[in-house]
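# Observations on the model geometry
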Amino acid sequence: MDVTSRDENKRADYYEKALRAMYGHQAVEGILLNSFWDSKSPSEATNGLVVGDNPGATGRRVLDLLEKEWMTDETRTLSESGQQFTVRGFHGDYESSELEAPSRSLKQSHVCACDDNIFSSFIHIILLDGDDDTNCRRTVSFMARVDHVVSWSEYTTKWKLRVFDRMGMLESREMQSDQHWTQWSALNTRYWQAGSMAGADTVYPRDPGRSYRVSGYIRLHNDDNKGQSVQVSLDYTFPDDSHTYQAAAVRSSLRVANGWASVSGNFRVPDREIKSVRIYFEGPSPDVSFEVDDASVEEVGASGSWRNVTQHVIETVRKSDIHFNVTLASNVNAGDVQIHVLQTRKSFPFGTGTSTLYLDPTKKAYSDFLNRHFNWVWPGNELKWYATEPQQGSKNYEPALNMIRELQKHGIQMRGHCLLWSDGNYVQSWVKALSKDDLLAAVYHHVYETLNITKGLIHMWDVNNEILHGHWYQDTLRDPDFNIKLYRDVHNYDPSLRLFFNEYNVVGWGDTTDAYLEQALKFKAADVGLSALGAQGRFPQEQEPDPDVIKQRLDTLAKSGLPIWITEMDVIARDENKRADYFEKALRAMYGHPAVEGILIDNFWDSKSPSEASHGLVAGDNLEMTAAGRRVLDLLEKEWMTDETRTLSESGQQFTVRGFHGDYEVHVVYKGHDLQQLKKTFTLGKTATNVAVHVSV
């Protein structure tokens, strides 16, 4: 870094402005000057902090910033500050002077304020009465990543824990000396909670509408010989003392064999005033003991640049170059010729959920809308096991097959949804009555039969739906590796199929995003033929999607190295203009992410009247177009499709059009007339395409 000015006071101003801008930018990790010394005399120097042998005005200004304003040196008198107080400190090494008071002492200690998360700037010094913690004589700062102060009795065999942070006070009755990442871990039964303290400055996070990431580690001591579900939850108390509860992070199928397992996720604070927040771990069976460690919360703030980022992806990933070379017959003037480049079909999968309603002859408006605007569908229920075999041996695939055949007439493809669904609420009673051996045989008979019946018609399958949340098959069969074996067997049975996961609360909510990534990496490592991640795009009711948060969650899933399909996308708002805004923000964030390979909305039609509808693009018996429908179709069929005309006298006879991937027609317009005999067609993929056109009349 260098600023240049002969006037040392101006140079001081220049340095200060530049340094404040740099040090005040969150991405800046260090600042190095070019040279602090200018060897010229003070009257001739133009650079640096020191001229000749002495610091000038510039040096004094810079050192005041670096060594006074931007370093921490504070003294607190306990009679004024109280015995619980917070110092906001710059990151670095610290010393605290020896304090003495009757029955307690805080010895001089060496503390490092690191920057692992947003709490790292808060140094908390707590002096506890001896009556509160028997024989308490020592206070130690920082519990690794979260700036907690842990106090304990050195004369008892069980550690007592008191943890203070910006959220409030975390409490647990006992401490284990078994460590994880050099931290003391809390031994618990049933739950471990954060009890919030009184006072506005101690309750965190409580900013309405803000998004946060919570993470921690958990280890089970016993597991009842089956997978356990655990989660980090939040209990919000509002000014009227009412409560609402929210899951922030979820892990399922945990066993003792997993050892220390991460539990992490994202959550959004409700859009209303918050009185206090309680954060706690919960979920295992009542007789399961567990330890919790390394808990942290950090804000995932909005960057404000999401629109530029997504637009760049759209331009670079969703489009390719079309290079035109136009030659003219000798009797053709370039000024009379226009080349019209028209995209007729998009390659990117934009689809919707549907049902046998598609085949209802009285609902032709429904099928016409679907045929006209979508190129993919997924069946809501028609291919689920409970629909194809509701009673043992009573099978009916015809509704699904008839729907597939009719869709194919219109060039529409179908995803297979789903071979199994591990939610016990959707398992047929006759299946639940089977013995373990008969159950396993019935599962594989059903899976292979379905694959045979749909062979050549369906090329991708959700093999077992929502296996992060549902575990009926693996729990019933007492086989934690059931899903890995199932995916591997389906892949071996037909290697041409693309096999998917399909999971909720990974995009619209974020409590299982990290767990979903971990599951994907586990299946990839097992080499079971997993092809892509289905990420359900359902958003909370009447809540505006946050494109920055969507991007962060998709970034997390993309670490799997697998493409992502957004499935079952839905936004909910009674106001159709709000719903239009919600759809647009979510769609731009998704289509503008390089890992997203397809987007399927939940259902385009809300059968309620337009004034009562809260979902979809069209509403009512007559499928009236809503503001949301107009906005979405403007994106899908105008902004994100290519329709350009070039006049040769302006563009020249060699030019390039940047086009969205899909099928195209090229029309030659001569003196205002479309020369149909010269029409060309082609498909634009991920690489550039050359198109040669010869115009003769």
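Look up: the structure comes first, before these words.
Now for a look at the structure at hand. (Residues numbered from 1 in each chain as written. Predicted model: local features only at pLDDT ≥ 70, side-chain atom pairs only at ≥ 80, totals over all residues. Heavy atoms only, no water.)

### Section: the overall build of the chain
Quick reminder of the rule: A run of DSSP states H or I qualifies as a helix once it reaches four residues; a run of E qualifies as a strand once it reaches two. Both are numbered from the N-terminal end. Remark: exposure states derive from per-residue accessible area (1.4 Å probe, protein chains only) relative to the maximum for the residue type, with buried under 20%, exposed over 50%, and partly exposed in between. The contact criterion used throughout is that any non-hydrogen atoms of two residues lie within 4.5 Å. The accessible surface values rely on the Shrake-Rupley method and a 1.4 Å probe; as for residues, cover is taken only from the protein chains in view.
Across its full length, the chain holds 16 helices and 41 strands. Counting all 697 residues of the chain, 50% fall into the buried class. In the chain, of all internal contacts separated by at least 6 residues, the share reaching a separation of at least 24 is 72%. Put simply, the chain shows about 32,600 Å² of open surface, and 46% of that area lies on carbon and sulfur atoms.

### Concerning the sheet that holds strand β34 (residues 618–619)
Filter applied, for reference: Any two strands between which DSSP finds at least two bridges are classified as paired.
The strand order across the open sheet built from three strands is β33-β34-β35, with neighbouring strands paired in mixed fashion. Taken across any chain shown, the strands that pair with only one partner, and hence form the sheet edges, are β33 (605–606) and β35 (624–625). Summarising the sheet, β33 and β34 pair through two bridges and their orientation is parallel. Bridge assignment links Trp605 to a residue of β34, and that residue is Val618.

### What about the environment of Pro540?
Turning to its location among the elements, Pro540 is positioned in the loop between β30 (530–538) and α13 (547–558). Spatially, the C-alpha atoms of Pro540 and Val571 are 7.3 Å apart, while their sequence positions differ by 31 residues. The residues touching Pro540, leaving out its near neighbours within four places in the chain, are Gly508 and Trp509.

### So, the side chain of His446
With respect to the helices and strands, His446 occurs in helix α9 (residues 436–453). Judged by its relative accessible area of 1%, His446 is buried. Discounting residues that sit within four places of it in the chain, His446 has contacts with Trp385, Thr388, Tyr397, Leu419 and Leu420.

### Examining a nonpolar patch on the surface
Cut-off, in case you're wondering: Excluding any residue in a salt bridge, patches collect residues exceeding 30% relative accessible area, merging like charges within 9 Å and nonpolar Val, Leu, Ile, Met, Phe, Trp and Tyr side chains within 5 Å. The salt bridge definition used is simple: a Lys or Arg side-chain nitrogen within 4 Å of an Asp or Glu carboxyl oxygen.
A cluster of nonpolar residues, Met22, Tyr23, Val28, Ile31, Leu33, Phe36 and Trp37, forms a patch on the protein surface that exposes about 630 Å² of accessible area. When you line up the elements, Leu33 lands in the loop between α1 (8–23) and β1 (37–38). Assessed through its relative accessible area of 32%, Leu33 is described here as partly exposed.

### A look at the packing of helix α4 (residues 306–317) against helix α14 (residues 576–591)
Inclusion rule: Convention adopted: a line fitted to C-alpha atoms gives each axis, helices being fitted over their contacting stretch, and angles between N-to-C directions are expressed from 0 to 180 degrees. Small angles under 35 degrees read as roughly parallel and large ones over 145 as roughly antiparallel, with 65 to 115 read as roughly perpendicular and the rest as oblique. A crossing counts as left-handed when the near helix is turned anticlockwise from the far one by less than a right angle, and as right-handed when that turn is clockwise. For this scheme, ten residues count as nonpolar: Ala, Val, Leu, Ile, Met, Phe, Trp, Tyr, Cys and Pro. Four count as charged, namely Asp, Glu, Lys and Arg, and the remainder, Gly too, count as polar.
Following both chains from N to C, one finds α4 and α14 inclined at 50°, their axes separated by 8 Å at the closest point. Of the possible angle classes, the one that applies to α4 and α14 is oblique. In this structure, α4 crosses over α14, and the sense of that crossing is left-handed. Contacts from Trp306, Arg307, Thr310, Gln311 and Ile314 of α4 reach α14 at Glu584, Lys585, Arg588, Ala589 and Tyr591. Considering only residue class, the contact of α4 with α14 consists of four nonpolar, two polar and four charged.

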